[in-house]
Amino acid sequence: MSAADGVNKDSTVSETALASQAHKAWEEKAVFWDEMMGEGNAFQRVLVGPAAERLLELQPGETVLDVACGNGVFSRRLAELRARVVATDFSEKFVGLARARTEKAGYGDAVEYLVADATDEEQMLALGEERFDAAVCNMALMDMPTIDPLMRALRRLLRPKGRFVFSVQHPAFNSKAVTLVLEEEDREGTLVETYSVKVAGYLRVPPGKGAGMPGEPVPHPYFHRPLSELFGACFRAGFAVDGMEEPSFAGREGGSRSAKIALSWENFVEIPPVLVARARPI
Ligand SMILES: C[S@@+](CC[C@H](N)C(=O)[O-])C[C@H]1O[C@@H](n2cnc3c(N)ncnc32)[C@H](O)[C@@H]1O
């Protein structure tokens, strides 16, 4: 959390050092991430994608900005929904991988990929004021040391009736201060498993490194924001938040290979690991 965002000023970890390591970390894991994400891992296919799509309420022909697009998995989905897409990421490697996948999938004309740092207000504004009907930022705000500049830029990049949809790791249930817990209990001869989370911190979780996916070559920095700070950044920039989803894997119990791993989020069906919200200019 950046001091500019107003909270967590007493962090013992050097934010500046972490922020400067972020780009390097993402460059280093772009190829691994692209291979694992492909055209959508379970988080993307079950949680993030469907909720973001519902909240975006996209109309064919609309122009959409995909901020921190990664390998472009959602940019291609937007193109499939007949949007015109501008997709940005600060990792040159990710942009190259996304472009290659998108051309291969036949959406080369519908998605324009650009390298841009989402924490740099001027870089983002250079995309064009009031150019976009909608913007999306999936699973990336918690990777950024500051989000106020992006929020301010988005307020001006969006048309007056635009909307901004973002997904993040749920700050209450899925952060570096959370421990996943599996307990097994013998209830009169029947073994009962209970999945829960232990939340050791929420209001002030210092920035630190973590893995985005199991087996990653390097960790990357996380910048936790409680809900008041996350939505506060929207409000400060002139947005109202008018839609929210907290998707979980409920209904898909044991459905996939990764659900066989006891502490996979797919088994914590009562707890949403992701928060997806929609902000509109006011
Ligand atoms: C967890 S991945 C999510 C990628 C994609 N949105 C998705 O849902 O698959 C986070 C992405 O954010 C990008 N990113 C992190 N900080 C950024 C910044 N300051 N500006 C632009 N992109 C950033 C990383 O390069 C990476 O592609």
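A. Region of interest: the packing of helix 1 (residues 15–37) against helix 4 (residues 92–104). Closest axis-to-axis distance for the helix 1/helix 4 pair is 7 Å, and the angle between their directions is 25°. Judged by the inter-axis angle, helix 1 sits roughly parallel to helix 4. The residues of helix 4 that touch helix 1, namely those facing His23, Trp26, Glu27, Ala30, Val31, Trp33 and Asp34, are Glu92, Lys93, Phe94, Leu97 and Arg101. In terms of residue class, the contact of helix 1 with helix 4 is made up of six nonpolar, one polar and five charged.

B. Summary view of the packing of helix 2 (residues 42–56) against helix 3 (residues 73–80). Between helix 2 and helix 3, the shortest axis-to-axis distance is 12 Å and the interhelical angle comes to 45°. In terms of axis orientation, helix 2 runs oblique to helix 3. The two elements helix 2 and helix 3 meet at a crossing, and its hand is right-handed. Residue-level contacts link Gln44, Gly49, Ala52, Glu53 and Leu56 of helix 2 to Val73, Phe74, Arg77 and Leu78 of helix 3. Of the residues in the contact of helix 2 with helix 3, the class split is five nonpolar, two polar and two charged.

C. Quick peek at the site of the ligand. Around the ligand sit 21 residues, and of these Ala68, Asp89, Asp117, Ala118 and Asn138 come closest. Measuring from a nitrogen atom of the ligand, one finds a backbone N or O atom of phenylalanine 90 at 3.2 Å. Asparagine 138 has a polar backbone atom sitting 2.9 Å from a nitrogen atom of the ligand. Considering each element in turn, the shell around the ligand owes the most residues, three residues, to helix 1. Tallied by class, the residues present in the shell around the ligand amount to 13 nonpolar, five polar and three charged.

D. Spotlight on the packing of aromatic side chains. Applying the stated criterion to the full structure yields nine aromatic pairs. With a centroid separation of 5.0 Å and 70° between ring planes, the pair formed by tyrosine 195 and phenylalanine 268 is classed as edge-to-face. Of the two residues, tyrosine 195 is situated in strand 7 (residues 190–199) and phenylalanine 268 in the loop between strand 10 (239–245) and strand 11 (274–281); the sequence distance between them amounts to 73 residues. Overall, the relative accessible area of 24% leaves tyrosine 195 in the partly exposed class. For phenylalanine 268, a relative accessible area of 1% puts it in the buried group.

E. Expanded view of the sheet that holds strand 10. Taken together, seven strands build an open sheet; the order of strands is 3-2-1-4-5-11-10 and the sheet is mixed. The open sheet terminates on both sides in strands that have one partner only, identified here as strand 3 (111–115) and strand 10. On average, adjacent strands in this sheet sit at an angle of 20° to one another, irrespective of strand direction. Summarising the sheet, strand 1 (residues 63–67) and strand 4 (residues 132–138) pair through three bridges and their orientation is parallel. Its bridge partner lying in strand 4, aspartate 66 is registered against valine 136. Strands strand 2 (84–89) and strand 3 of the sheet are contacted by helix 4, whose axis makes an angle of about 165° with strand 3.

F. Looking closely at the side chain of asparagine 138. With respect to the helices and strands, asparagine 138 occurs in strand 4. According to the relative accessible area criterion, asparagine 138 is buried, its value standing at 10%. Within the local environment of asparagine 138, its side chain forms a polar contact with the side chain of serine 167, the two groups lying 2.8 Å apart.

Definitions and limits used
- Residue positions within a chain follow its written sequence, with the count starting from 1.
- Per-residue local features of the predicted model are confined to residues with pLDDT of at least 70, and side-chain atom pairs are confined, for both listing and counting, to 80 or more; whole-chain, interface and lining totals are unaffected and use all residues.
- Heavy atoms throughout the structure, all of them, feed into the side-chain values; hydrogens and water do not.
- Fitted lines through C-alpha atoms serve as axes, helices being fitted only where they are in contact, and the angles separating the N-to-C directions of these axes extend from 0 to 180 degrees.
- Helical segments are the DSSP runs of H or I of at least four residues, strand segments are the runs of E of at least two, and each set is numbered from the N terminus.
- For classification purposes, angles smaller than 35 degrees are called roughly parallel, those larger than 145 roughly antiparallel, those between 65 and 115 roughly perpendicular, and all remaining angles oblique.
- We call two residues in contact when some of their heavy atoms are within 4.5 Å.
- Residue classes follow a fixed rule: Ala, Val, Leu, Ile, Met, Phe, Trp, Tyr, Cys and Pro count as nonpolar, while Asp, Glu, Lys and Arg count as charged, and any other residue, Gly among them, counts as polar.
- Put simply, a crossing is left-handed when the front helix is turned counterclockwise from the back one by less than a right angle, and right-handed when it is turned clockwise.
- Proximity is defined per residue: if any heavy atom of the residue lies within 4 Å of a molecule or strand, that residue is considered near it.
- Residues adjacent in sequence count toward polar contacts only when both atoms are side-chain atoms; beyond that, a polar contact is any pair of N or O atoms within 3.5 Å, and within protein one must be able to donate a hydrogen and the other to accept it.
- Only Phe, Tyr and Trp rings take part, Trp by its six-membered ring, and two of them pair if their centres are within 6.5 Å. Stacked means planes under 30 degrees apart, edge-to-face means over 60, and tilted covers everything else.
- Only protein chains enter the calculation, and the probe is 1.4 Å; a residue is then buried if its accessible area is under 20% of its type maximum, exposed if over 50%, and partly exposed in between.
- Pairs of strands are assigned from DSSP output, requiring at least two bridges between the strands.

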